[in-house]
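# Results of the structural survey
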Amino acid sequence: MTTDEKSIWSDLTGQRWSVHYCKHQLQVHPEAHLLPRRHQLKRKSQVHFISPIWIHLYYCQKVNYRSQPWKILSSAVLCAQNFTPENGLRSADTKPVTPEMQCIFKNHMSVSRTINTLEGLCNQKFPSHDVVLKAYCQFEALCDTEYTYSCVICGFYPAVVVMDRHRKRVFSFDCSKLKPPEADFNGEHDVEMFWECVHLDLVSRGFFDDSSQNPFLVEPSFNNWAAWIGRNTRKSCYVLNTAHEEKVPRQNEDDEVCSVTEECLIDELKRQKVSNLRILCKSCDLDTKGSRTDLCSRLLDAVKSKQTHEKVVQFIQDALGSWSVITCPHGITYSIKFNLRQESPRDFADLLLSWEHIPNVCIYESASTLASHANQRVPDNPPFQPHKGRLAEPTEENIKAAIHQKLRVHLPWLGEKLQNPEENGHPVTGSSHHYMLCNKLHESVTADPKDELRRADLVPELQGCLSSRPVEQLFGALRKNNYFMNKMEPSTHIFLMRNIIEQKNSTLNKHLLKCGL
């Protein structure tokens, strides 16, 4: 043990926990030991170390404690059975937590449904689902999980990635509470510090009955809301989130740089709840009666007006809910960003510009918009070159050949690294070229003839190995959790989502190893 751990151990062993009913003293088991991870609760001049240990709960005449090891979640959160927080000792029953809880989420079961089912089958009372969920979150927050977010085949720097968003993932938060950041804020967030704060938020809930009194509470804000990128994949401990710079696009803006396209606007309106559409119609002085189709039709007709267009776009952008992911072709998630506003190419640009090595080939539905935005962000060293991320020079001859599927652009370094790597070349391929393409499912979105040169099927080396199916399967599986994930607090939501995806990554990596590299 280190000096700090010995001090903690001395404090814990000298502490006598008393039961609420009869003041019976509970003693720490002599063989108790500290687990690796620990947290520091810093408040004013006091520093409290929190670490999981093993304890032994002895028999009490009033409360039937089991004589077996239980995990302590914090120095103020004892894990006992049939014991409620109202009794003065904050506790939670962790027997159904740990691996069993991961199994529950894996099968898309909420904690409340699971507890209700167990109570019906076992004919006995279990701790409340809120207590069990908090206990599990505390336990996971105290575990030393790496969250590598990398593929065993592609490594830390995949040469090809697929980017997409999941639109129907929301958490309870009033977006009107978001305040502009400081004037000198550059959009950089300390990712390690932010997620440590999230862990601290979950651990500290054992000390406060009312979350409003918790000084460690993490709420969405423009200056403290970081994405997650694996430690070995990101450029540094600072990642970008420039959602505060998102502007409402004007009607006369160039479609290539507009952050919300007309197709996206129509798609998002159709995804909104009827109640939200009525509110939007009312704010635009439109009739609020009728079905979803009637409301959308009125709004789409009204967006021709400049003022109404801005209101509708602002409404879409302020609709919390989507989160953006970057995956490799095998379906392993490398980056995840919980969007404070409706997803736009800016969110993916933030993620890619935070990577140490930008992939050679990126697949995205609005490829042209994202490539243009990213190149404008870094004009001195545009990330998507040559040809602004297109596969060939946008000449009339090349465009016609691409339309008639007669153009083929070979990228041999995708299969074998260049013998003489180029300057600033990718560590896997050796090439310094970076292309922004769209796959077959998204090709119909393109309106500019030049975007025919962004079609992924023009590259023979990508055929057979590139598919949107893994991402769709990920979204399809996680969509089944919407009914309970959407009701969680923001910090709980993002913590569990990152944890669930890490478990999925781990399972898929084991499957890839089993099938053979």
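This text goes with the structure placed above it.
Residues numbered from 1 in each chain as written. Predicted model: local features only at pLDDT ≥ 70, side-chain atom pairs only at ≥ 80, totals over all residues. Heavy atoms only, no water.

## Looking at helix α5 (residues 191-204)
Helix length check: α5, at 14 residues, gives a terminal C-alpha distance of 20 Å against a target of 20 Å (1.5 Å per residue), a fit within 8%. For α5, the tally of buried residues reaches 10 of 14 residues, placing the bulk of the element in the interior. Of all the positions in α5, only V191, F194, W195, V198, H199, L200, D201, L202, V203 and S204 are classed as buried. (Helix = DSSP H or I, 4+ residues; strand = E, 2+ residues; numbered from the N terminus. Expected span 1.5 Å × (residues − 1). Buried < 20%, exposed > 50% of the residue type's maximum accessible area, 1.4 Å probe, protein only.)

## Comments concerning the packing of aromatic side chains
Per the counting criterion, the structure on display carries eight aromatic pairs. For the pair F194 and W195, a centre-to-centre distance of 5.4 Å together with 80° between the ring planes defines the contact as edge-to-face. Just as F194 is buried, W195 falls in that class too. Ring centres of W323 and F475 lie 5.5 Å apart, and the angle between their planes is 90°; this geometry places the pair in the edge-to-face category. With W323 in strand β11 (residues 323-327) and F475 in helix α13 (residues 469-479), the pair connects residues that are 152 residues apart, well separated along the chain. Under the relative-accessibility criterion, F475 is labelled buried at 5%. (Phe/Tyr/Trp six-rings, centres within 6.5 Å; stacked < 30°, edge-to-face > 60°.)

## Digging into the sheet that holds strand β9 (residues 228-229)
Read across the sheet, six strands follow the order β9-β12-β11-β7-β13-β14 without closing on themselves; strand pairing throughout is mixed. Each end of this open sheet is capped by a strand with a single partner; those strands are β9 and β14 (435-437). Sheet topology note: the strand β7 (residues 160-166)/strand β13 (residues 361-363) ladder contains three bridges and is parallel. The residue of β13 that forms the bridge with V160 is V361. Seen against the sheet, α13 touches β7, β11 and β12 (333-338) and runs at an angle of roughly 30° to β7. (Pairing = 2+ DSSP bridges. Contact = heavy atoms within 4.5 Å. Axes fitted to C-alpha atoms, helices over the stretch in contact; angles between N-to-C directions.)

## Let's talk about the pairing of β11
Consecutive residues of a regular strand have side chains that alternate between opposite faces of the sheet. Of all the five residues making up β11, five are buried; the element is thus mostly covered by neighbouring parts of the structure. Of the pairings in the sheet, the one linking β7 to β11 comprises five bridges and is antiparallel in character. Bridging from a neighbouring strand, M163 pairs with I326 of β11. The loop that links β11 with its antiparallel partner β12 comprises five residues; one of these, G331, has a positive phi angle of about 95°.

## What about the nonpolar core?
Within soluble globular proteins, side chains that are nonpolar tend to cluster in buried spots. Judged by nonpolar contacts, the single largest core of 91 residues is most densely connected at M163, W323, I336, M436, L437 and L496. No other element matches the seven residues that helix α15 (residues 490-515) contributes to this core. Excluding residues within four positions of it along the chain, L437 makes contact with V361, C362, I363, Y364, A367, G389, L391, L453, R454, A456, V459 and L462. In this structure, C281, C296, V303 and V312 belong to the second largest nonpolar core, which totals 12 residues. (Core = buried A, V, L, I, M, F, W, Y, C linked by side-chain atoms within 4.5 Å.)

## Some remarks on the environment of V378
Relative to the helices and strands, V378 is located in the loop between α11 (367-377) and α12 (396-403). Once the C-alpha coordinates of V378 and L353 are considered, the two residues, 25 residues apart in sequence, prove to be 9.2 Å apart. Apart from the residues lying within four places of it in its own chain, the contact partners of V378 are L353 and P383.

## Topic: the packing of helix α10 (residues 345-353) against α11
It is at 9 Å that the axes of α10 and α11 come closest, and there the two elements cross at 55°. In terms of axis orientation, α10 runs oblique to α11. Between α10 and α11 lies a crossing of right-handed hand. Together, P345, R346, F348, A349, D350 and L353 of α10 and T369, L370, H373 and R377 of α11 make up the contact between the two elements. When the residues that make up the contact of α10 with α11 are grouped by side-chain class, the tally is five nonpolar, two polar and three charged. (Parallel < 35°, antiparallel > 145°, perpendicular 65-115°, else oblique. Left-handed = near helix turned anticlockwise from the far one by under 90°. Nonpolar A, V, L, I, M, F, W, Y, C, P; charged D, E, K, R; others polar.)

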